[in-house]
Amino acid sequence: MKIIEQTISFVRDWYKSNDNISLHEPRFDSMEKDLLADCIDSTYVSSVGKYVDLFEKMTENFTGAKKAVVTVNGTSAIHVTLEQLGAEYGTEVLTQSLSFIATANAISYTGAEPVFLDVDIDTMGLSPAALKTFLDEYAELKDDGFTYNNKSKKKIAACVPMHTFGHPARIDELVRICNEYNIPVIEDAAESLGSTREGIHTGLFGVAGALSYNGNKIVTTGGGGTIITNDIELGNRLKHLTTTAKIPHPWEFFHDEIGYNYRMPNINAALGCAQMTKLELFLKDKRDLAEHYKLLFKDCSVQFVNEPEKCRSNYWLNAIILESKEYKDIFLKEMNEQGVMVRPIWKLLSTLPMYKHCFAQDLINSQWLEERVVNLPSSVRVNNK
């Protein structure tokens, strides 16, 4: 198990630590403390305050989105966008089985049922070939402008591909295929802040995308998310819905429809504003780490997951593909027992008890990856505390 020993030695040297090493922890310095203190002193720590607007503007400037709407988390961002685009009881939403549970949960919140398709090995994201195979076999674009599943007779309301571990899926191809069937694409870009395909930020290929700022993400607000879109009308609509559908007024409370209390608190946004000023530094450090991991595994049976062609990945969580499930289990056990946290990729969503009844394509690539993929420590090394 020489490679395990070499990996442990490399990680400990990289982080200059003999203590337990986390998979991905946040990095803060005095700026976060200063902005949080300012927010607290202002007393505007909840749904109103200057940092919410500033954080949205900073996100727009960084991603190139015409509209950003901050939310309490990435799951809520996907949920409300799906619902606005027509996902409801009696409809289906296409997605990948190899994903974090939030993707399928957000679909379920609308009452729609997820349809699980396969991924590509190299991107670990939804496969255009698998999508086309499914649509060619089951889908029909009808005169009402919607596509229906000929087998289930349900409308296909949307498609939600995920940019796994920050690596962009073949999102341009996925959007092109979905456009042929008039199926809106909502990108689960929760893990891919800072990732681009051909210079375009993830989340901006489809109708909208959802980012996450959970504590383990490249930028964190403690908990939070953002909807990004180039459709300003849709963005304004989602802003209204996520702020309890309240009509703006200096003192009166009038809500014109059922909305959601999905607003990001000002105190979380303050933390995000400080984090965003360091995002380029974080990205540089993470890409540097990825290059060193690549060299570490260059001449062995371990395959490092590199950024896809024509993409620039944020390398949120570095990943390797091991030769077998048996070796993966050994790798996980020995690394974690020696205080270096590594984790397997997720269980396929289609195998979980609440989703076993859903349609699942032949998931050859997904199953192969589930048996072999492991995430390595990926925290930003920069720490000015």
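As a reminder, the structure under discussion sits directly above these lines.
No experiment lies behind these values; they were computed from the predicted model shown.

*Asks:* Now, about the pairing of strand S11 (residues 225-229): what can you tell me, with residues and values included?
*Replies:* Among the 5 residues in S11, 5 count as buried, and that is most of the element. A two-sided burial pattern is seen for S11, the buried positions comprising Gly-225, Ile-227 and Thr-229 on one face and Thr-226 and Ile-228 on the other. Bridge count for strand S1 (residues 67-71) against S11 is 5 bridges, and the pairing is antiparallel. Each bridged residue has a counterpart across the sheet, and for Thr-71 the counterpart in S11 is Gly-225.

*Asks:* Tell me about the packing of helix H1 (residues 2-15) against helix H11 (residues 325-337), and name the residues and values.
*Replies:* Their axes nearest at 11 Å, the elements H1 and H11 cross at an angle of 40°. Between H1 and H11, the angle is such that the two are oblique. Both H1 and H11 take part in a crossing whose hand is right-handed. The residues of H11 that touch H1, namely those facing Ile-3, Ile-4, Thr-7 and Ile-8, are Tyr-327, Ile-330, Phe-331, Glu-334 and Met-335. Residues that form the contact of H1 with H11 fall into these classes: 7 nonpolar, 1 polar and 1 charged.

*Asks:* Which residues make up the sheet that holds S11, and what values go with them?
*Replies:* Pairing is mixed across the open sheet formed by 4 strands, whose spatial order is S1-S11-S10-S7. The open sheet is flanked by S1 and strand S7 (186-188), the only strands paired with a single partner. The sheet shows a mean angle of 20° between the axes of neighbouring strands, taken without regard to direction. Pairing between S7 and strand S10 (residues 208-212): 3 bridges, direction parallel. The residue bridging Ile-186 from the neighbouring strand is Ala-208, located in S10.

*Asks:* An account of the pattern of salt bridges is needed here, citing residue identities and associated values.
*Replies:* Pairs can form between side chains of opposite charge whenever their charged atoms are close. For the structure shown, the criterion picks out 19 salt bridges. With its nearest N and O atoms 3.7 Å apart, the salt bridge here joins Asp-288 to Arg-381. Of this pair, Asp-288 sits in helix H10 (residues 279-296) while Arg-381 is found in the segment after strand S16 (373-375), placing the two residues 93 residues apart along the sequence. The network of salt bridges with shared partners includes Asp-29, Glu-32 and Lys-278.

Each value, and the rule that gives it
- Residues numbered from 1 in each chain as written.
- Predicted model: local features only at pLDDT ≥ 70, side-chain atom pairs only at ≥ 80, totals over all residues.
- Heavy atoms only, no water.
- Buried < 20%, exposed > 50% of the residue type's maximum accessible area, 1.4 Å probe, protein only.
- Helix = DSSP H or I, 4+ residues; strand = E, 2+ residues; numbered from the N terminus.
- Pairing = 2+ DSSP bridges.
- Axes fitted to C-alpha atoms, helices over the stretch in contact; angles between N-to-C directions.
- Parallel < 35°, antiparallel > 145°, perpendicular 65-115°, else oblique.
- Left-handed = near helix turned anticlockwise from the far one by under 90°.
- Contact = heavy atoms within 4.5 Å.
- Nonpolar A, V, L, I, M, F, W, Y, C, P; charged D, E, K, R; others polar.
- Salt bridge = Lys/Arg side-chain N within 4 Å of Asp/Glu carboxyl O.

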